[in-house]
Amino acid sequence: MANGQWFPPDWPDRIRALADGTITPVVPRRAATVMLLRDNGAGPAVHMLRRRASMAFAGGAYAYPGGGVDPRDDDHQVRWAGPTRAWWADRLGVDENAAQSIVCAAVRETYEESGVLLAGPTPDSVVGDTTGPDWEADRAALVARELSFAEFLDRRGLALRSDLLGAWTRWITPEFEPRRYDTWFFVAALPQGQRTRNVSTEADRTVWIRPKDAAASYDRGELLMMPPTIATLRQLIPYATAAEALVAARTRDLTPVLASARLVDGEIVLSWPGHEEFTKHIPTGTAPA
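Residues numbered from 1 in each chain as written. Predicted model: local features only at pLDDT ≥ 70, side-chain atom pairs only at ≥ 80, totals over all residues. Heavy atoms only, no water.

**Q** So what exactly am I meant to see when it comes to the pattern of salt bridges here?
**A** A side chain with one charge may pair with a side chain of the opposite charge, provided their charged atoms come close. Under the counting rule described, the total for this entry stands at 18 salt bridges. Taken together, the salt bridges that share partners define one network made up of D73, R108, E109, E112 and R145. (Salt bridge = Lys/Arg side-chain N within 4 Å of Asp/Glu carboxyl O.)

Below is the structure:
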């Protein structure tokens, strides 16, 4: 491959089936993912996970902590710090309950997959250490969905720090995929006193890497990534600090990015609006090249 762009091997067949009307698009599930940033002397680094090679989907690809929304976090009013739920609803383009659950998913998944918790006992604080056995027991219960994030916050007497997040972009899984997600990407700075840990059951490696270096490794074919991941990495390159990226997030366009596939002159053309580098021309009967 010329770069590290990853595609599922069954995409050409599914694209043709969608064009033929033999499959019906599934409704995408809401999800959130977080680009956790840490400043160093040469600009901010971003925390990335490498998915286990044994995983059926995107095995070996680099990604950020993230996952689906838990419906239990829709209507339970959690302790909340920062911009109001109404503000987030307007920013994300959803109702207030959905906004809360999306922001909860972003904070919960960051905690589940990196051990970093964007919450604190007061509206202007964050917890300092989440490495003890009692914290680990709660984290494991969250991963197993034995405990909702709202219940976790209540039990701990914590307020979710929505002001530590910035909404960055939104991508929707293509219509021909059997599992689809409507994913909001957020940026956040690593809170002082906390550290990341490789606690994700889906990852075999974690790294802190500058977006510029990660993008260069992708271009050389050394790091495998899906289009949303490399696209967001390139968008982070201009910022000298995590704070700058968070300020920029306030005015980022959250119009969803959705891939389209069409048949043109005997080949499938797969494209993402506004992201021409990912366009693929797939001759009938072959895989993306």
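Now that the structure has been shown, the text picks up again.
**Q** It is not clear to me how the nonpolar core should be interpreted in this structure. Could you clarify?
**A** Soluble globular proteins tend to bury their nonpolar side chains together. Formed by 41 residues in total, the largest nonpolar core has its most connected members in W88, L92, L117, F149, F152, L165 and F186. Mapped by element, the contributors of at least two residues to this core are β1 (29-38), α2 (85-92), α3 (96-114), α4 (133-143), α5 (149-156), β8 (165-172) and β9 (181-189). In terms of residue count, the dominant contributor to this core is α3 (nine residues). In contact with L165, not counting residues within four places along its chain, are V34, W88, V103, A106, V107, L118, F186, V187, A188 and L246. (Core = buried A, V, L, I, M, F, W, Y, C linked by side-chain atoms within 4.5 Å. Buried < 20%, exposed > 50% of the residue type's maximum accessible area, 1.4 Å probe, protein only. Helix = DSSP H or I, 4+ residues; strand = E, 2+ residues; numbered from the N terminus. Contact = heavy atoms within 4.5 Å.)

**Q** Could you clarify how one ought to interpret the environment of A119 in this entry?
**A** Locating A119 in the fold gives a position in strand β6 (residues 119-120). With residues up to four places along the chain from it excluded, the contact list for A119 reads S125, V126, V127, L153, L158, A159, L160 and R161.

**Q** Help me out: how do you make sense of unusual backbone geometry in this one?
**A** A negative phi holds for most residues other than glycine; trans holds for most peptide bonds. With a phi angle near 60 degrees, R145 is a residue other than glycine that sits in the positive phi range. Take R145: it is sitting in the loop between α4 and α5.

**Q** Looking at this model, I keep getting lost on the side chain of R139. Mind explaining?
**A** Inspection of the secondary structure puts R139 in helix α4. In this structure the side chain of R139 is engaged in a polar contact, spanning 2.6 Å, whose partner is the backbone oxygen of E112. Discounting residues that sit within four places of it in the chain, R139 has contacts with Y111, E112, R197 and V199. (Polar contact = N/O pair within 3.5 Å; in protein donor to acceptor, adjacent residues only side chain to side chain.)

**Q** Is there a simple way to explain α5 in this structure?
**A** Given 3.6 residues per turn, any residue in an α-helix points the same way as the ones three and four places further on. Of all the residues in α5, the buried ones are F149, A150, F152 and L153. The buried residues of α5 all sit within an arc of 160 degrees when viewed along its axis, so they share a single face. In this structure, the buried side of α5 is in contact with α3, β6, α4 and β7 (159-161). Where α5 terminates, the next one or two residues include G157, which has phi positive at roughly 65 degrees. (Arc of directions from axis to C-beta.)

**Q** Before we go on, may I ask you to explain the environment of L223 in this structure?
**A** Structurally, the position occupied by L223 is in the loop between α6 (211-219) and α7 (227-236). As a C-alpha pair, L223 and A61 span 162 residues in sequence and 7.2 Å in three-dimensional space.

**Q** How should I be thinking about the sheet that holds strand β14 (residues 280-283) in this particular structure?
**A** Within a sheet, neighbouring strands are paired by backbone hydrogen bonds and run either parallel or antiparallel to one another. Read from one edge of the open sheet, three strands run β12-β13-β14, paired in antiparallel fashion. Of all strands in the sheet, those with a lone pairing partner are β12 (260-264) and β14, marking the two edges. Across the sheet, the axes of successive neighbouring strands diverge by a mean angle of 25 degrees, strand direction being ignored. Sheet topology places β12 next to strand β13 (residues 267-271); five bridges connect them, and they run antiparallel. (Pairing = 2+ DSSP bridges. Axes fitted to C-alpha atoms, helices over the stretch in contact; angles between N-to-C directions.)

**Q** Got a minute to help me understand α4 in this structure?
**A** Among the residues making up α4, those that are buried are W135, D138, R139, A141 and L142. Axial view of α4: buried residues confined to an arc of 160 degrees, hence all on one face. Along its buried surface, α4 packs onto α3 and α5. Backbone geometry just downstream of α4 places R145 in the positive-phi region, at approximately 60 degrees.

**Q** I'm lost on the side chain of S148 in this one. Help?
**A** Structurally, S148 can be placed in the loop between α4 and α5. Its relative accessible area of 3% is what places S148 among the buried residues. S148 has contacts with D70, R72, D73 and L142, leaving out every residue within four places of it along the chain.

**Q** Looking at this model, I keep getting lost on the pairing of β1. Mind explaining?
**A** Among the 10 residues that make up β1, seven are buried, leaving the element largely enclosed by the rest of the structure. As paired strands, β1 and β9 are joined by nine bridges and run parallel to one another. Bridging across to β9, L36 finds its partner in A188. Hairpin connection from β1 to strand β2 (residues 45-51): six residues lie between these consecutive antiparallel strands, with G43 at a positive phi of about 100 degrees.

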